[in-house]
Amino acid sequence: MESCPSIKNILLLDSEGNRVAVKYYSDEWPNNSAKEAFEKSLFTKTQKTNARTEAEIAMFESHIIVYKFVQDLHFFVTGAENENELILVTVLQGFFDAVGLLLRGTVDKKEALENLDLILLCLDEIVDGGNAVGTLLPTDEFVPYVKVFRLGWKLSIIILETDANVIAGKVASHNIDAAAPLSEQTISQALATAREHLARSLLK
Amino acid sequence: MAQPLVKKDDDRDDEADYSPFLGIEKGAVLQEARVFNDPQLDPRRCSQVITKLLYLLNQGETFTKVEATEVFFAVTKLFQSKDIGLRRMVYVMIKELSPSADEVIIVTSSLMKDMTSKTDMYRANAIRVLCRITDGTLLTQIERYLKQAIVDKNPVVASAALVSGIHLLQTNPEIVKRWSNEVQEAVQSRAALVQFHALALLHQIRQNDRLAVNKLVSSLTKGSVRSPLAQCLLIRYTSQVIRESANNNQAGDRPFYDFLEGCLRHKAEMVIFEAARAITELNGVTSRELTPAITVLQLFLSSSKPVLRFAAVRTLNKVAMTHPMAVTNCNIDMESLISDQNRSIATLAITTLLKTGNESSVDRLMKQITNFMSDIADEFKIVVVEAIRSLCLKFPLKHRSLMNFLSNILREEGGFEYKKAIVDSIVILIRDIPEAKESGLLHLCEFIEDCEFTYLSTQILHFLGIEGPKTSDPSKYIRYIYNRVHLENATVRAGAVSTLAKFGAMVDTLKPRVFVLLRRCLFDNDDEVRDRATLYINTLGGDGAVVETGEDVKEFLFGSLDIPLVNLENSLKNYEPSEESFDINSVPKEVKTQPLAEKKAPGKKPTGLGASPAGPPSTVDAYEKLLSSIPEFANFGKLFKSSAPVELTEAETEYAVNVVKHIFDGHVVFQYNCTNTIPEQLLENVTVIVDASEAEEFAEVASKPLRSLPYDSPGQTFVAFEKPEGVPAVGKFSNMLRFIVKEVDPSTGEAEDDGVEDEYQLEELEVVAADYMLKVGVSNFRNAWETMDADCERVDEYGLGPRESLAEAVNAVINLLGMQPCEGTEVVPNNSRSHTCLLSGVYIGNVKVLVRLQFGLDGPKDVAMKLAVRSEDEAVSDAIHEIVASG
């Protein structure tokens, strides 16, 4: 039954169209190159639009796409052609705002990559189902993902949560180490990154 | 040495490009994943490694089975850590790894422990993961926990269980169906999303039970649904119920319409829009029902949010196709959207306006469109062009400005599809609006002066050849055409030569000039061009004298062929050079029905220049050749008709068999196409045993077994029956496939010597009246009908009883008769209550038959039909009536 609102993918790209984090919920794009091609053309098509204050919308290869940009990050949600546009935009807004909350207002590519775990958890909390892009080379029994496709079932996709506060709350509560208070943790995190950065530059 | 390195670090660009994943490499990360095995786990470090692995997957990296298994086993070690954040990442990682059945066992106990944990987050996520990766066997063990979780007071846990239920329903429906009571309780939950998930699951459990869905909808539409998403779902289910109940309900108040209308006042825009859209999509919606929906959509049009404007204008655009009047109220808001920043919105607004606008607003609209055409994409331009075409057909008086617009955009930059759409539109306008002809042709002439698409150039030249000579001053086109002979590639030059010749043949005064031009073409460096020029010069009168061109020459060169080109092509391919010359009359005239997509626009004139796309190549000739090569069937005479293959087995069975019925005057041959889908088997001596006890007029005369049927290479076996000559005998045949099976060693491909005899039951097959009818179209039904003797007309009326829809009834009768629908009359417009359908065909014995069917709705669903038949033989007319009466 296709009457459940369906999301085909959620994409977070940078200002050059490269992936930061993506999640696909539809088998329409059979492999990574098909997905990359889709992302590239989507990015090129929407790049010049101004989607910074209000979410924008486009029809593209018979999908409906809603998107919103901030700094060097581009957020996209793709849905079926006949999907209720306002449901799609609710999902987009939920994702967008949750990321904003989790990154404490500094929403840009650098921050997003440094907190990629939070972004991935965030995606996990928004829609249930789907896979990251990378493939596990198919052998006989990949349960259930491969099995489901082999039997011709549609992997059921369902929106889990759209309220940004709830999403961010769920993600953050998991991440806060009970032992280390929040402020302390960020400092230690900052130190860790700094150390890593330094080590890397020395290695060059 | 270190100097440049430090400098590089200070570089600002480098700083901006900094990424924690710079230079990340799969091999290194897999190495790093060894920390999962440390006795003293460092949660933060482990989290980082998992993030890196997920990052790689996200970038499209491929993991081999061995690598994935290794990571999976390492990850399972992490259940030892009590760190909540790390556990959360472990859950995500396991889902991404999609472990195989034997691997799942490793984590099952850990996940089951988490499922009963006191921490809600553990419970929720463990349920989601476990239900993702488990198979049915484990499910019975955890069912009890899942049922509890559905009614858990923590909404996160309840949602997780419900969502998992939705996934599991596809693999283990019988188990999930037992949860109905709990799910029903969850529908009443205070938490919005729980309600949404519960409703989705409940509906999926019941979706095959119409009554239960009906009950669900009627109880929930009374209120109590709080979540906007759940409300949207409910609206969808409601429209589904309305759609289905429309079949048995008497006209009158639509059930649940009040609910939909009430949703238009909901506080969430998502729900308002869903309801408005549902109302506009109701079957046979009345304007009174539409009004409130249009009103809210109109409000959305002036919203500050692009998504709202887009949603509204897209829906209104669809409404405008069927109810243009209902949308006219929004015209003012629509016009302001033409300048919308979002080009999708602007295009939708324009095309809506073109559909709803009146004659007086056309000029103003055209001006606005001209400004905006340059900055939209080709695909939108095509939409606009199509809208303008239909507008022009609606207001023929405005053809001048619309034609000008089309010719202007034709001159601008654009891709092939876009240009083709414009050219097609101009051609249609030329055909339908006589006043537009001359200016339209000149526009096309100017276009080919500078056209980069060979396809379009040749099509236009061909069209000029047909229309040009009929204009008041044909001579003015000659220059354009002859220019092509100078300046173009060989294909276009050849096309131009043919067009010139057409002018010469049709317009006698132009003939001397055309001769001069054609003679110049004799020196062209392309064979085809020279050949054409020579042919035309000779057939048109050669010596240059002004002579009347013979009628039959004209007919031969420029008349339309009355046989489908595909069939001609096939016949020519099959023709083997011999003493006997090719006979064009032997080409079958049966028309393959065009793909449905071609018939989207009912009642419209032919679609532009491009001849209808060639259907799949005709197989009739191939059959004829095949059958005549079999000595047993050689004396059956001429093949009258071959049916389309009828499947005799279900898809994906061991042996796939379908049958083609070949009808001869006094015989019927069944051709069984068999495919062996088992690699380990070789079938030999394959025959079909046919029981014709339910087909009294048939007697088996011959059969031709198939000697061997290896894996995956189809073969045929035949059975022939005799039947009374020229009589459309009908009957039922049951079939049994009989063969000898031999085992094949898959590695060597060699078959064993000994085989076992075996049988395989096939489905029944029927010879029906439609098998004796050839689909042969006529170009002008009315003419054909008038020329047929009215004495042989038989008229009668039939009641077809309750039918799903008028269209369904029309289709059923067409299929019953097996005739060719003419003039697109097989398409029934939505919501019409009566319909006329024209059919033509050739009945066995080569009797032409024409049928006029008039359908009408009698009461809500009862269909009545008046059948008028004319044919060359009154007995055949009666036979047609018999087919319908007994069908």
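For clarity, every value in this text was computed on a predicted model and none was experimentally measured.

Participant: Help me understand the packing of aromatic side chains, please; the structure alone is not making it clear to me.
Facilitator: Any two aromatic rings considered together are summarised by their centre-to-centre distance and by the angle between their planes. The full count for this structure, using the stated rule, is 24 aromatic pairs over all chains. Ring plane angle 35° and centroid distance 5.9 Å describe the contact between A:Y67 and A:F76, whose orientation is recorded as tilted. A:F76 gets classed as buried once you look at its relative accessible area, which sits at 0%. Each ring, one from B:F633 and one from B:F636, has its centre 5.6 Å from the other, and the planes form 35°; the classification is tilted. When its relative accessible area of 10% is taken as the criterion, B:F636 is described as buried. Ring-pair connections join several aromatic residues into one group, and the members of that group are B:F670, B:Y672, B:F698, B:F721 and B:F733. Just above the ring of B:F63 sits the side chain of B:K26; from NZ or CZ to the centre is 5.5 Å. Its guanidinium or amino end placed over the ring of B:Y122, B:R87 lies 4.7 Å from that ring's centre, counting from NZ or CZ.

Participant: How do you make sense of the packing of helix α24 (residues 378-394) of chain B against helix α25 (residues 399-411) of chain B when you look at a structure like this?
Facilitator: Packed helices, taken two at a time, are described by their axes: the angle between them and the distance between them. All names here are of chain B. Contact geometry for α24 and α25: axes closest at 10 Å, N-to-C directions at 160°. Between α24 and α25, the crossing angle belongs to the class labelled roughly antiparallel. Crossing angle aside, the handedness with which α24 passes α25 is left-handed. In contact with V385, I388, L391 and C392 of α24, α25 contributes H399, L402, F405, L406 and I409. Residues that form the contact of α24 with α25 fall into these classes: 8 nonpolar, 1 polar and no charged.

Participant: I tried to follow the pattern of salt bridges on my own but got confused; where do I start?
Facilitator: Two side chains that carry opposite charge are able to pair once their charged atoms sit near each other. All names here are of chain B. Applying the stated criterion across every chain, the model contains 40 salt bridges over all chains. The closest approach of N and O atoms between R123 and D152, which form a salt bridge, is 2.5 Å. Taken as a pair, R123 in helix α8 (residues 120-133) and D152 in the loop between α9 (136-150) and α10 (155-171) lie far apart in primary sequence, 29 residues in all. Accessibility classification places R123 together with D152 in one group, the buried group. In this structure, the salt-bridge partner of E438 is K476, at a minimum N-O distance of 3.4 Å. With a gap of 38 residues between them, E438 in helix α27 (residues 437-449) and K476 in helix α29 (residues 475-487) connect regions that are remote in the sequence.

Participant: Got a minute to help me understand helix α14 (residues 210-220) of chain B in this structure?
Facilitator: Given 3.6 residues per helical turn, the α-helix brings residues three or four places apart onto the same face. Residues and elements named next belong to chain B. Those residues of α14 not exposed but buried are A212, V213, L216, V217 and L220. Seen from one end, α14 has its buried residues packed into an arc of 135°, which puts them on one side. In α14, the exposed residues that point more than 90 degrees away from the buried face are L211 and K215.

Reading guide: rules and limits
- Residues numbered from 1 in each chain as written.
- Chains lettered and ligands numbered in written order.
- Predicted model: local features only at pLDDT ≥ 70, side-chain atom pairs only at ≥ 80, totals over all residues.
- Heavy atoms only, no water.
- Phe/Tyr/Trp six-rings, centres within 6.5 Å; stacked < 30°, edge-to-face > 60°.
- Buried < 20%, exposed > 50% of the residue type's maximum accessible area, 1.4 Å probe, protein only.
- Lys NZ or Arg CZ within 6 Å of the ring centre and 35° of its normal.
- Axes fitted to C-alpha atoms, helices over the stretch in contact; angles between N-to-C directions.
- Helix = DSSP H or I, 4+ residues; strand = E, 2+ residues; numbered from the N terminus.
- Parallel < 35°, antiparallel > 145°, perpendicular 65-115°, else oblique.
- Left-handed = near helix turned anticlockwise from the far one by under 90°.
- Contact = heavy atoms within 4.5 Å.
- Nonpolar A, V, L, I, M, F, W, Y, C, P; charged D, E, K, R; others polar.
- Salt bridge = Lys/Arg side-chain N within 4 Å of Asp/Glu carboxyl O.
- Arc of directions from axis to C-beta.

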